[in-house]
Amino acid sequence: MDLIAVALIAAAVWAALVVRETIMLLAAPGRKVESSGDSLAEGLGNAGDAASGVPLIGGVLKKPLQAAAEAGSGFADAGVSLQETVSQVADVITTALIVIPVFVVLLLWLPPRLLWMRRSSTLRRLAEAPGGADLLALRALTGPPGALATLPVPPGGWADAWRQGDEQAITDLSTIALEHIGLRP
């Protein structure tokens, strides 16, 4: 059960990262717009600088070219903004795709696991206490009968062997009680 929980969490993280990479592909147009806007702004800025050297009308030519260069910078800023938005969306979706499945797995796995740990700790302490093997044997006698079917029945039956203090029967029964919850004797 523990390995299944770990595998499900690992699968959720892997799937979330794959989805993130796919979403980040949407940022490619933003990078192109940014690059094109920067190139446009640089080219128009250079043209404005060159136009300013034209006698008499250089100043007049430079103003519209500088304004167009600023518009190109606006395109570049829009490309950056698109990339940031895509990145933020990818981060939120990735976080949700990791947190929600991990929460569900932990919600379904953790309570039974903690309960098992508590029970196994109690039974382990009981097994180590004086007379604990007798109590575990009694637990096996009153538990599911299918577990007793795997062992050869002592003469007089399991209950009689337990009442008479048969050490082998008590050991076998306490082993069954421990194995029933997943512990080794």
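To start, this report covers the structure provided alongside it. The shown structure was predicted, so the numbers you read here are calculated from the model rather than taken from an experiment.

Remarks on the overall build of the protein chain
Okay, step 1: Scanning the protein chain for helices and strands turns up six helices and zero strands.
Okay, step 2: Starting at the N terminus and ending at the C terminus, the protein chain contains elements arranged as α-α-α-α-α-α.
Okay, step 3: Computed over C-alpha atoms, the radius of gyration of the protein chain comes to 37 Å, more than 25% over the 16 Å expected from 2.2 N^0.38 for 185 residues, which places it beyond the range of a compact globule.
Okay, step 4: Along the first, second and third principal axes, the C-alpha atoms of the protein chain reach 125 × 25 × 20 Å.
Okay, step 5: Counting all 185 residues of the protein chain, 25% fall into the buried class.
Okay, step 6: Sequence separation of at least 24 residues holds for 70% of the intrachain contacts in the protein chain that already meet a minimum separation of 6.

Quick look at a nonpolar patch on the surface
Okay, step 1: On the surface, Val54, Leu56, Ile57, Val60 and Leu61 cluster together into a nonpolar patch covering about 500 Å² of accessible area.
Okay, step 2: Take isoleucine 57: it is sitting in the loop between helix 2 (28-51) and helix 3 (58-128).
Okay, step 3: The partly exposed category is assigned to isoleucine 57, whose relative accessible area is 45%.

A short note on the packing of helix 2 against helix 3
Okay, step 1: One way to put it is that helix 2 packs onto helix 3 with a least axis distance of 7 Å and a crossing angle of 165 degrees. By the angle between their directions, the pair helix 2 and helix 3 is classed as roughly antiparallel. Two packed elements cross with a definite hand, and for helix 2 against helix 3 that hand is left-handed.
Okay, step 2: In terms of residue class, the contact of helix 2 with helix 3 is made up of 15 nonpolar, 10 polar and five charged.

A look at the packing of helix 4 (residues 132-142) against helix 6 (residues 167-180)
Okay, step 1: Relative to each other, helix 4 and helix 6 sit at 70 degrees, their axes nearing to 7 Å. It follows from the interaxial angle that helix 4 and helix 6 lie roughly perpendicular. Classified by chirality, the crossing of helix 6 by helix 4 is left-handed. Where helix 4 abuts helix 6, its residues Ala133, Asp134, Leu136, Ala137, Arg139, Ala140 and Leu141 lie against Ile170, Leu173, Ser174, Ile176, Ala177 and Leu178.
Okay, step 2: In the contact of helix 4 with helix 6, the residues fall into 10 nonpolar, one polar and two charged.

With respect to helix 2
Okay, step 1: Under the 1.5 Å per step criterion, the end-to-end length of helix 2 is 34 Å for 24 residues, consistent within 8% with the ideal 34 Å.
Okay, step 2: Among the residues of helix 2, those classed as buried are Gly30, Gly37, Ala41, Leu44, Gly45, Gly48 and Ala51.

Points about the environment of phenylalanine 103
Okay, step 1: With respect to the element layout, phenylalanine 103 can be found in helix 3.
Okay, step 2: Spatially, the C-alpha atoms of phenylalanine 103 and isoleucine 9 are 9.3 Å apart, while their sequence positions differ by 94 residues.

Remarks on the nonpolar core
Okay, step 1: Ranked by size, the top nonpolar core spans 15 residues in total, and within it Leu123, Leu136, Ala140, Leu148, Trp158, Leu173 and Leu178 carry the most contacts.
Okay, step 2: Listed by contribution, the elements that provide at least two residues to this core are helix 4, helix 5 (158-163) and helix 6.
Okay, step 3: Tallying contributions element by element places helix 6 first for this core, with six residues.
Okay, step 4: With residues up to four places along the chain from it excluded, the contact list for leucine 173 reads Leu136, Ala137, Ala140, Leu141, Leu148, Trp158 and Trp162.
Okay, step 5: If you look at the next biggest cluster of nonpolar residues, it comprises five residues, including Ile23, Met24, Val86 and Ala90.

Some points on helix 6
Okay, step 1: Here helix 6 spans 20 Å end to end across 14 residues, near enough to the 20 Å set by a 1.5 Å rise per residue.
Okay, step 2: What helix 6 keeps buried is the set Ala169, Ile170, Leu173, Ser174, Thr175, Ile176, Ala177 and Leu178.
Okay, step 3: Those residues of helix 6 that are buried are in contact with helix 3, helix 4 and helix 5.

About the thresholds
Residues numbered from 1 in each chain as written. Predicted model: local features only at pLDDT ≥ 70, side-chain atom pairs only at ≥ 80, totals over all residues. Heavy atoms only, no water. Helix = DSSP H or I, 4+ residues; strand = E, 2+ residues; numbered from the N terminus. Rg over C-alpha atoms; globule rule 2.2 N^0.38 Å. Buried < 20%, exposed > 50% of the residue type's maximum accessible area, 1.4 Å probe, protein only. Contact = heavy atoms within 4.5 Å. Patch = residues over 30% accessible without salt bridge, like charges linked within 9 Å, V, L, I, M, F, W, Y side chains within 5 Å. Areas by Shrake-Rupley, 256 points an atom, 1.4 Å probe, with all protein chains shown as cover. Salt bridge = Lys/Arg side-chain N within 4 Å of Asp/Glu carboxyl O. Axes fitted to C-alpha atoms, helices over the stretch in contact; angles between N-to-C directions. Parallel < 35°, antiparallel > 145°, perpendicular 65-115°, else oblique. Left-handed = near helix turned anticlockwise from the far one by under 90°. Nonpolar A, V, L, I, M, F, W, Y, C, P; charged D, E, K, R; others polar. Expected span 1.5 Å × (residues − 1). Core = buried A, V, L, I, M, F, W, Y, C linked by side-chain atoms within 4.5 Å.

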